[in-house]
Amino acid sequence: MKISADFTTIPADFTGAAPVQNKTDGTPVISFPFYIDELADGMGYLHWQLTDPDSIPVCGFEWIHWSAANVPVDAIMFDFNDSHALQIPPDFSRTLPAMIPESAQGRTSAASKFVGGTDPAVTMRYNGPTPPDKPHGYQLHVWATANPLPGLNQGFWLNELQHAIRDYDGQVDEAEITLMGEPA
């Protein structure tokens, strides 16, 4: 598998510099697009996490910006003849529940007891980068499996996704990229 995007620095519309209409309670909520290419044969479901390890010195833990599980490949395949046939489109996080209700999105760090967020639009959807101190590297890790991962419901915690991947009885295809985010 290969993950790519049309940028190496996440564009402002998907970050803390986004216009107010792209935010909920000051948090950027419009997810950025990315591509998945060279997927291994037989893979039917995608799962991912977007985290910020550079947040550790700032808040004491790696910030979870987005996670998703059990996204059917067939539901996002738009052109079998296109080199970027698997595209996660812009704003996928907000449209996913209506488009693919059997998929699930996990809690972000905004849901932690240290932050105390309660709005699901922020705690269980994409949270765009808002580094307060310097540019941060955001790691997007994508896994693919032939079958859905069991036990992952709306609002799962990231460790539950990681355990489900580790315990999966079958081939797992995976890749990771780092995208930069600038302070607003």
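Presented here is a report on the structure given in the accompanying data block. Since this is a predicted model, take the numbers as computed values, not measurements.

Across its full length, the chain carries five helices and ten strands. Compactness check: the chain gives a C-alpha radius of gyration of 16 Å against a globular reference of 16 Å for 184 residues, within 12% of the reference. With the principal axes as the frame, the chain shows a C-alpha extent of 40 × 35 × 30 Å. Across the 184 residues in the chain, those meeting the buried criterion constitute 49%. For the chain, long-range pairs separated by at least 24 residues make up 74% of all intrachain contacts whose partners lie at least 6 apart in sequence. Accessible surface computed for the chain: about 8,600 Å², of which carbon and sulfur atoms make up 50%.

Let us now look at the pairing of strand β9 (residues 136-145). With nine of ten residues buried, β9 is to be regarded as a mostly interior element. In terms of strand pairing, strand β5 (residues 45-52) meets β9 through seven bridges, oriented antiparallel. Within β9, the position partnered with Thr51 by the bridge is Gln139.

Attention now moves to the sheet that holds strand β10 (residues 172-181). The strands that make up a sheet are held in pairs by hydrogen bonds between backbone atoms, and each pair lies either parallel or antiparallel. Read across the sheet, five strands follow the order β8-β6-β5-β9-β10 without closing on themselves; strand pairing throughout is antiparallel. Where the open sheet ends on each side, the last strands, each with one partner, are β8 (104-105) and β10. Contacting β5, β6 (63-72) and β8, helix α3 (residues 92-99) crosses the sheet at an angle of about 35 degrees to β6. Here helix α5 (residues 158-167) sits on the sheet and contacts β5, β6, β9 and β10; the angle it forms with β5, its principal contact strand, is near 135 degrees.

Throughout the structure, instances matching the rule amount to two salt bridges. Here Arg94 ties to Asp91 by a salt bridge, and the two come within 2.8 Å at their closest N and O atoms. One salt bridge connects Asp167 with Arg166, and the closest N-O pair in it is separated by 3.3 Å.

A separate point is the packing of aromatic side chains. Pairs of aromatic rings are described using the distance from one ring centre to the other and the angle between the two planes. Applying the stated criterion to the full structure yields eight aromatic pairs. Between Phe34 and Trp48, the ring centres sit 5.5 Å apart and the planes meet at 90 degrees, which makes this aromatic pair edge-to-face. With Phe34 in strand β4 (residues 34-37) and Trp48 in strand β5, the pair connects residues that are 14 residues apart, well separated along the chain. A relative accessible area of 0% places Phe34 in the buried class. Between Phe61 and Trp63 the ring centres are 5.8 Å apart and the planes differ by 15 degrees, which places this aromatic pair in the stacked class. Phe61 sits in the partly exposed class, given a relative accessible area of 22%.

All right, on to the nonpolar core then. Counting residues in each nonpolar core, the largest one holds 31 residues, and the members touching the most others are Phe32, Phe34 and Trp48. Elements with a minimum of two residues in this core: β4, β5, β6, α2 (73-76), β7 (86-88), α3, β9 and β10. When residues in this core are grouped by element, the largest group, four residues, is from β9. Ignoring sequence-local partners within four residues, the contact set of Trp48 consists of Phe34, Trp66, Ser67, Ala68, Val71, Ile88, Phe92, Leu140, His141, Val142, Trp143 and Leu161. Counting twelve residues, the second largest nonpolar core, distinct from the first, contains Ala69, Ala104, Phe156 and Tyr168.

A word on the sheet that holds strand β1 (residues 2-4). On the basis of which strands lie adjacent, the open sheet formed by three strands has the order β1-β4-β7 and antiparallel pairing. A strand with exactly one partner marks an edge of an open sheet, and here the two such strands are β1 and β7. Strand-to-strand twist across the sheet, computed as the mean angle between neighbouring axes with direction ignored, equals 20 degrees. In this sheet, β7 lies alongside β4 in antiparallel orientation, the contact comprising three bridges. Within β7, the residue paired with Tyr35 across the bridge is Gln87.

What counts, and where the lines are drawn
- Residues numbered from 1 in each chain as written.
- Predicted model: local features only at pLDDT ≥ 70, side-chain atom pairs only at ≥ 80, totals over all residues.
- Heavy atoms only, no water.
- Helix = DSSP H or I, 4+ residues; strand = E, 2+ residues; numbered from the N terminus.
- Rg over C-alpha atoms; globule rule 2.2 N^0.38 Å.
- Buried < 20%, exposed > 50% of the residue type's maximum accessible area, 1.4 Å probe, protein only.
- Contact = heavy atoms within 4.5 Å.
- Areas by Shrake-Rupley, 256 points an atom, 1.4 Å probe, with all protein chains shown as cover.
- Pairing = 2+ DSSP bridges.
- Axes fitted to C-alpha atoms, helices over the stretch in contact; angles between N-to-C directions.
- Salt bridge = Lys/Arg side-chain N within 4 Å of Asp/Glu carboxyl O.
- Phe/Tyr/Trp six-rings, centres within 6.5 Å; stacked < 30°, edge-to-face > 60°.
- Core = buried A, V, L, I, M, F, W, Y, C linked by side-chain atoms within 4.5 Å.

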